[in-house]
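What follows is the residue order along each chain.
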Amino acid sequence: MEAMRHASTFLLPSSVETADVLSSPAYALVVLNQPLPRFAPLLWERAKLRVCADGGANRLFDGMPELFPDKDPGEVRFKYKPDAIKGDLDSIRAEVKDYYSDLGVKIVDESQDQETTDLHKCVDFIRDYTPILEKSNLHILVVGALGGRFDHEIGNINVLYYFSNMRIILLSDDCLIYLLPKTHRHEIYIESSVEGPHCGLIPVGTSSASTTTTGLQWDLTETGMHFGGLVSTSNIVREEKVTVHSDTDLLWTISIRKSS
Ligand SMILES: Nc1ncnc2c1ncn2[C@@H]1O[C@H](COP(=O)(O)OP(=O)(O)OP(=O)(O)O)[C@@H](O)[C@H]1O
Ligand SMILES: Cc1ncc(C[n+]2csc(CCO)c2C)c(N)n1
């Protein structure tokens, strides 16, 4: 079974040189309808494609100038222009829609689809716009995905499962989450200056009969996990590399350091 490597190098300050364990990933950014995390400008610079999910456009419009209180709000807003805004467009304000549409931002109205979330629609968009050659290395960073309304959080996690062959990372100010598909064993390289030590391995949807890990304070050894029994929350990263091997898809979550 092949190993899949993971590293949160996208959170490192741009001044830090990295020996990239993930041969130069390509990043896309999705902005959801929640307060922008403090590291949103950093992720923005790293992303090749930037998409707002419906009301996420309001957050970009209002929130980027707030992150640069010493700069002219108009200039900041103009600088952070997304490639597209997509969703059912019931949350974006009219002035925000007009502002970005006058700047030539692609606005995709999918109000006819009330079955999939705006995040789902944005991931579809990114998949369609990524050249085939870059697809295997594409990482989608989703800001504003956690905290807030629980139904939205679960909807966001469901997107990880729906697009389980894509690398999607849900972020808040406090933590990040991604899926570890059962098709691979996993090597997670911990960027300890920006993430950890608190972490979790969670079998959402289906139980695991056997999960084995290394590098954690409470490692699992062919251990079963299910809701109503054991799930690994409040675990702690002990080594630079964590490995995970499981018979089921698991969610990996790790805290983001406040100083990062
Ligand atoms: N409180 C929240 N917590 C987590 N994710 C959120 C939250 N609010 C919005 N989102 C994410 O941002 C996307 C866009 O939000 P927006 O409010 O525009 O969606 P919506 O479909 O209009 O929501 P609603 O269910 O209120 O109609 C959602 O699809 C969801 O992924
Ligand atoms: C069983 C079921 N539950 C909820 C919705 C509602 N819904 C799910 S995604 C979405 C779009 C949000 O922008 C809406 C309205 C549905 N269609 N089917």
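Conventions used here
- All residue numbers refer to position in the chain's written sequence, counted from 1.
- Working convention: letters from A go to chains and numbers from 1 go to ligands, in the order in which they are written.
- Totals for whole chains, interfaces and linings use every residue, but because this is a predicted model, local features are given only for residues with pLDDT of at least 70 and side-chain atom pairs only at 80 or more, for both listing and counting.
- Side-chain measures were taken over the full set of non-hydrogen atoms in the model, leaving aside hydrogen atoms and water.
- UniProt positions are given in the numbering used here, feature names are shortened, and annotations may be inferred rather than shown by experiment.
- One heavy atom suffices: a residue is near a molecule or strand as soon as one of its heavy atoms comes within 4 Å of it.
- Polar contact is the term for a pair of N or O atoms within 3.5 Å; when the atoms are in protein, one must be able to donate a hydrogen and the other to accept it, and sequence-neighboring residues count only if both atoms are side-chain atoms.
- Each accessible area is a Shrake-Rupley result for a 1.4 Å probe, and residues are judged covered by the shown protein chains and nothing else.
- In this analysis a 1.4 Å probe is tested at points of a 1 Å grid over the protein atoms alone, and where it fits but cannot get out there is a cavity; an open set with protein on both sides within 12 Å along at least five of seven lines is a pocket; lining residues have an atom within 4 Å of a point.
- Being in a pocket or cavity means that more than half of the molecule's atoms lie within 2 Å of its grid points.
- Here a helix means four or more residues in a row that DSSP labels H or I, a strand means two or more in a row labelled E, and each is numbered from the N terminus.
- Aromatic pairing here means that ring centres of Phe, Tyr or Trp (its six-membered ring) are within 6.5 Å. Orientation follows from the plane angle: under 30 degrees is stacked, over 60 is edge-to-face, and everything else is tilted.
- When accessible area is computed with a 1.4 Å probe and restricted to protein chains, residues below 20% of their type maximum are described as buried, those above 50% as exposed, and intermediate ones as partly exposed.
- We call a charge positioned over a ring when the NZ of a Lys or the CZ of an Arg lies within 6 Å of the ring centre and within 35 degrees of the ring normal.
- We define a nonpolar core as any set of buried Ala, Val, Leu, Ile, Met, Phe, Trp, Tyr and Cys residues linked to one another through side-chain atoms lying within 4.5 Å.
- In this analysis, two residues are considered to be in contact whenever any of their non-hydrogen atoms come within 4.5 Å of each other.

Labelled according to an unreviewed UniProt entry, the protein appears under the name Thiamine pyrophosphokinase, originating from Dendrobium thyrsiflorum. Listed under Catalytic activity (unreviewed entry) in UniProt, the entry text for the protein is "thiamine + ATP = thiamine diphosphate + AMP + H(+)". Per UniProt, the protein has the following entry under Pathway (unreviewed entry): "Cofactor biosynthesis; thiamine diphosphate biosynthesis; thiamine diphosphate from thiamine: step 1/1."

Please provide a residue-by-residue account of the site of ligand 1, values included.
Surrounding ligand 1, one finds 18 residues, the nearest of these being N33, D90, S91, R149 and N156. Between D54 and ligand 1, the recorded distance is 3.1 Å, taken from a side-chain N or O atom to an oxygen atom. G55 is positioned such that a nitrogen or oxygen atom in its backbone is 3.0 Å from an oxygen atom of ligand 1. Surface burial for ligand 1 is 82%, taken as the share of its 610 Å² of free accessible area covered by protein chains. Because more than half of its atoms lie within 2 Å of the grid, ligand 1 is assigned to the largest pocket. Of all the secondary structure elements, the ones that give two or more residues to the shell around ligand 1 are α5 (118-129) and α7 (150-162).

Before we move on, can you summarise the packing of aromatic side chains with the specific residues and values?
Within the structure shown, the criterion is met by eight aromatic pairs. Here F125 and Y129 contribute two aromatic rings whose centre-to-centre distance is 4.4 Å and whose plane-to-plane angle is 15°, an arrangement assigned as stacked. Of the two residues, F125 and Y129 are both situated in helix α5; the distance of four residues between them amounts to about one turn of the helix. Note on Y129: relative accessible area 45%, which makes it partly exposed. An aromatic cluster is defined as three or more aromatic residues linked by ring pairs; in this entry it consists of W44, F68 and Y80. The side chain of R77 reaches across the aromatic face of F61, ending 4.0 Å from its centre.

Can you lay out the nonpolar core for me, pointing to particular residues and giving the numbers?
It is characteristic of soluble globular proteins that their nonpolar side chains tend to be buried jointly. Within the largest apolar cluster, 47 residues are counted, with the highest numbers of intra-cluster contacts made by F10, L43, L171, L176, L201 and W252. Here L43 is in contact with F10, L11, L29, L141, V143 and L171, once residues within four sequence places are set aside. Counting 31 residues, the second-largest nonpolar core is a separate cluster that includes V30, V108, V123 and I140.

Go over the UniProt feature "domain: Thiamin pyrophosphokinase thiamin-binding" (unreviewed entry) in the protein with me, naming the residues and quoting the values.
UniProt's entry tags residues 184-250 with the feature "domain: Thiamin pyrophosphokinase thiamin-binding" (unreviewed entry), counted in the numbering of this structure. Its end C-alpha atoms 11 Å apart, residues 184-250 is made of 0% helix and 52% strand.

Mind laying out unusual backbone geometry, listing which residues take part and the relevant values?
Look at the link from G196 to P197: it is a cis peptide, with omega at 5°. Tracing the backbone shows P197 in strand β10 (residues 195-202). For D54, which is not a glycine, the phi torsion comes out positive at approximately 40°. Inspection of the secondary structure assignment puts D54 in the loop between β3 (47-53) and α2 (56-67). Although it is not a glycine, L89 adopts a positive phi angle of roughly 55°. Tracing the sequence through the fold places L89 in the loop between β4 (84-87) and α4 (94-102).

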